[in-house]
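Below, each chain spelled out in residue letters.
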Amino acid sequence: MKFSFKILFLFCLLSILFTQCKEDDAQIFRAYVEGKFTFPDAKFLQDPVHLVNNKKTIAETYPKESGSFVLAGPYEKGIYKLQLKNFKIKSFSTETTGCKISADSLSIEIPDGVTYIIFNDITLK
């Protein structure tokens, strides 16, 4: 009985020692965006809001009835966008500098290096 317990203990100890944590996991950053939309048409609530990096969707959500939303996804270097599909952005307010509305007015560009941002208000056309 004691012998089998020692073997089990030794096996568990060796398993723990040889299990490695990935260094990559410790270095992964998250892009976190939250805010609130002001919209004239309730149809807006039926379309998802995306967080996009390098033309790849990294997060998707639907706004709540109040217009509030939260998005989070893996962050890589470069500009990423808070993107809408069918509604254009008229204006926005945030304390983060460097954000701008894209030429087509369907997204807000968030500058490289920003991993956390709160939009106080995003007004839609």
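Report on the accompanying structure.

About the cut-offs
Residues numbered from 1 in each chain as written. Predicted model: local features only at pLDDT ≥ 70, side-chain atom pairs only at ≥ 80, totals over all residues. Heavy atoms only, no water. Helix = DSSP H or I, 4+ residues; strand = E, 2+ residues; numbered from the N terminus. Contact = heavy atoms within 4.5 Å. Core = buried A, V, L, I, M, F, W, Y, C linked by side-chain atoms within 4.5 Å. Buried < 20%, exposed > 50% of the residue type's maximum accessible area, 1.4 Å probe, protein only. Phe/Tyr/Trp six-rings, centres within 6.5 Å; stacked < 30°, edge-to-face > 60°. Pairing = 2+ DSSP bridges. Axes fitted to C-alpha atoms, helices over the stretch in contact; angles between N-to-C directions.

**Here we look at the environment of Ile117**
(1) Moving on: Of note, Ile117 is situated in strand 9 (residues 116–124).
(2) Moving on: Expressed as a C-alpha distance, the spacing of Ile117 and Val33, which sit 84 residues apart in the sequence, is 5.0 Å.
(3) Moving on: Sequence-distant contacts of Ile117, that is, excluding residues within four places in its chain, are made with Tyr32, Val33, Glu34, Thr94, Thr96, Cys99 and Ile110.

**Things to note about the nonpolar core**
Within soluble globular proteins, side chains that are nonpolar tend to cluster in buried spots.
(1) Moving on: In this structure, Val33, Phe37, Leu82 and Ile122 are the most contacted members of the largest nonpolar core, which totals 24 residues.
(2) Moving on: Elements with a contribution of two residues or more to this core: strand 1 (29–38), strand 2 (49–53), strand 3 (56–61), strand 4 (68–75), strand 5 (80–83), strand 8 (107–110) and strand 9.
(3) Moving on: The biggest single contributor to this core is strand 9, with four residues.

**Structural notes on the side chain of Ser105**
(1) Moving on: The residue Ser105 is located in the loop between strand 7 (100–101) and strand 8 in this model.
(2) Moving on: The residues contacting Ser105, other than those within four sequence positions of it, are Phe87, Lys88, Ile89 and Lys125.

**Thoughts on the packing of aromatic side chains**
One pair of aromatic rings is described through two measures. These are the centre distance and the angle between the planes.
(1) Moving on: For the structure shown, the criterion picks out seven aromatic pairs.
(2) Moving on: Between Tyr32 and Tyr116, the ring centres sit 5.0 Å apart and the planes meet at 5°, which makes this aromatic pair stacked. Pair noted here: Tyr32 is in strand 1 and Tyr116 is in strand 9, with a separation of 84 residues, a long-range link.
(3) Moving on: The partly exposed category is assigned to Tyr32, whose relative accessible area is 25%.
(4) Moving on: In this structure an aromatic cluster arises from ring pairing among Phe37, Phe39, Phe44, Phe69 and Phe87.

**So, unusual backbone geometry**
(1) Moving on: Within the chain, Asn54 stands out as a residue other than glycine whose phi angle is a positive 55°.
(2) Moving on: Mapped onto the elements of the fold, Asn54 is located in the loop between strand 2 and strand 3.
(3) Moving on: On the basis of relative accessibility, which here comes to 56%, the residue Asn54 falls in the exposed class.
(4) Moving on: Non-glycine residue Lys55 carries a positive phi angle of around 65°.
(5) Moving on: When you line up the elements, Lys55 lands in the loop between strand 2 and strand 3.

**Things to note about the sheet that holds strand 6 (residues 89–94)**
(1) Moving on: On the basis of which strands lie adjacent, the open sheet formed by four strands has the order 4-1-9-6 and mixed pairing. With one partner strand each, in any of the chains shown, strand 4 and strand 6 form the two edges of the open sheet. Neighbour to neighbour, the strand axes of the sheet diverge by 25° on average, direction disregarded.
(2) Moving on: Relative to strand 4, strand 1 runs antiparallel, the two being bridged by eight bridges. Residue pairing for strand 4: Tyr32 is matched across the bridge by Ala72.

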